[in-house]
Amino acid sequence: MSFPTAKKLYAVIDGTWPAAVKQALGPWTVRLDDSNSSRVNAATAELPYKDDDIKIAEDAMIDGGQRPLFMIREGEEKLDEMLAARGYVIKDPVNMYAAKVDKIAGDVDVERTMEVWPPLAIQAEIWAAGGVGPGRIAVMDRARFPKATVLGRVDENPAGSVYVAIAADCAMIHALEVAATHRRMGLARDLTRAAANWAQAQGATYLTLVTTRENEGANALYASLGMTHVGQYHYRILPE
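Rules of the game
- Residues numbered from 1 in each chain as written.
- Predicted model: local features only at pLDDT ≥ 70, side-chain atom pairs only at ≥ 80, totals over all residues.
- Heavy atoms only, no water.
- Buried < 20%, exposed > 50% of the residue type's maximum accessible area, 1.4 Å probe, protein only.
- Helix = DSSP H or I, 4+ residues; strand = E, 2+ residues; numbered from the N terminus.
- Arc of directions from axis to C-beta.
- Contact = heavy atoms within 4.5 Å.
- Phe/Tyr/Trp six-rings, centres within 6.5 Å; stacked < 30°, edge-to-face > 60°.

So, on to helix α2 (residues 54-63). Those residues of α2 lying buried are I54, A57, E58, A60 and M61. Angularly, the buried residues of α2 cover 165 degrees about the axis, an arc narrow enough to put them on a single face. On its buried face, α2 sits against β1 (21-25), β2 (28-32), β4 (69-73) and α3 (77-85). Within two residues after α2, G65 carries a phi angle of roughly 80 degrees, on the positive side.

So, about the packing of aromatic side chains. Considering all chains together, one arrives at 10 aromatic pairs under this definition. Consider the rings of F3 and Y206, whose centres lie 5.5 Å apart with planes at 80 degrees: the pair is edge-to-face. Of this pair, F3 sits in the segment before α1 (6-16) while Y206 sits in strand β10 (residues 206-212), and the two are 203 residues apart along the sequence. On the accessibility criterion, F3 (34% relative accessible area) is partly exposed. For Y206, a relative accessible area of 3% gives the class buried. Pairing W17 with Y163 gives two aromatic rings, centres 5.9 Å apart and planes at 55 degrees, and the pair type is tilted. Pair noted here: W17 is in the loop between α1 and β1 and Y163 is in strand β8 (residues 157-167), with a separation of 146 residues, a long-range link. Among the aromatic residues, those joined into a ring-pair cluster are W17, W117, F145 and Y163.

Further remarks concern unusual backbone geometry. Looking along the chain, the bond that leaves W117 and enters P118 is cis, with omega of -5 degrees. Take P118: it is sitting in the loop between β6 (113-116) and α5 (121-129). Residues F145 and P146 are joined by a peptide bond in cis, for which omega reads 5 degrees. Among the structural elements, P146 can be located in the loop between α6 (134-142) and β7 (147-154). With phi around 55 degrees, A168 is a residue other than glycine that occupies positive phi space. Unlike most non-glycine residues, R184 shows phi in positive territory, near 65 degrees. Positionally, R184 belongs in the loop between β9 (170-178) and α7 (187-201).

Right, dumping it as structure tokens:
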């Protein structure tokens, strides 16, 4: 299997973090979801489009109760310019990372991490404190197996959580959250490694993830683990 490209990871995102509704409308794929997660609320271009076609996606998202939001992938500079001309502003530039799963997998203190499915109530509390509410847990619920979560602990106290799922030969991490009182204790690294261990046991070849460019801590962590930056994307959203 070849090392994941940006194009491949766009598909892995869809496979591991699925929208409640996914529609093909004209040249667009339109995703509708009440989770307030951009990954499952954004339209993407799948076929050649004209400026007038933007309204097709806009109307569908407005009818679905969402603010119009488009995901701008690599090579889509034309769409980016068209949306900017319509007043859309940039939202959440994102970095994508990948690594061979055996490069990240390794020993983790058994007292620090525990694989769980379905997520425990304490994991929901940890996620909620970090802005990952019930709508996003519903996204995890609807994803196909194989999938899992990992509960992280510090001194036997629940302190972090992460969700991981597999699409094709790639496992992708989502919603890695460490409680504010337990940060800078190496738990995010342990959760990432535990997710890789799970993925390796499931037969995945690669561990992948996405994180916003502004999340300096996360970007530094994944670089320190030897993960490769394989691409990026951003959103354009219509201001209120």
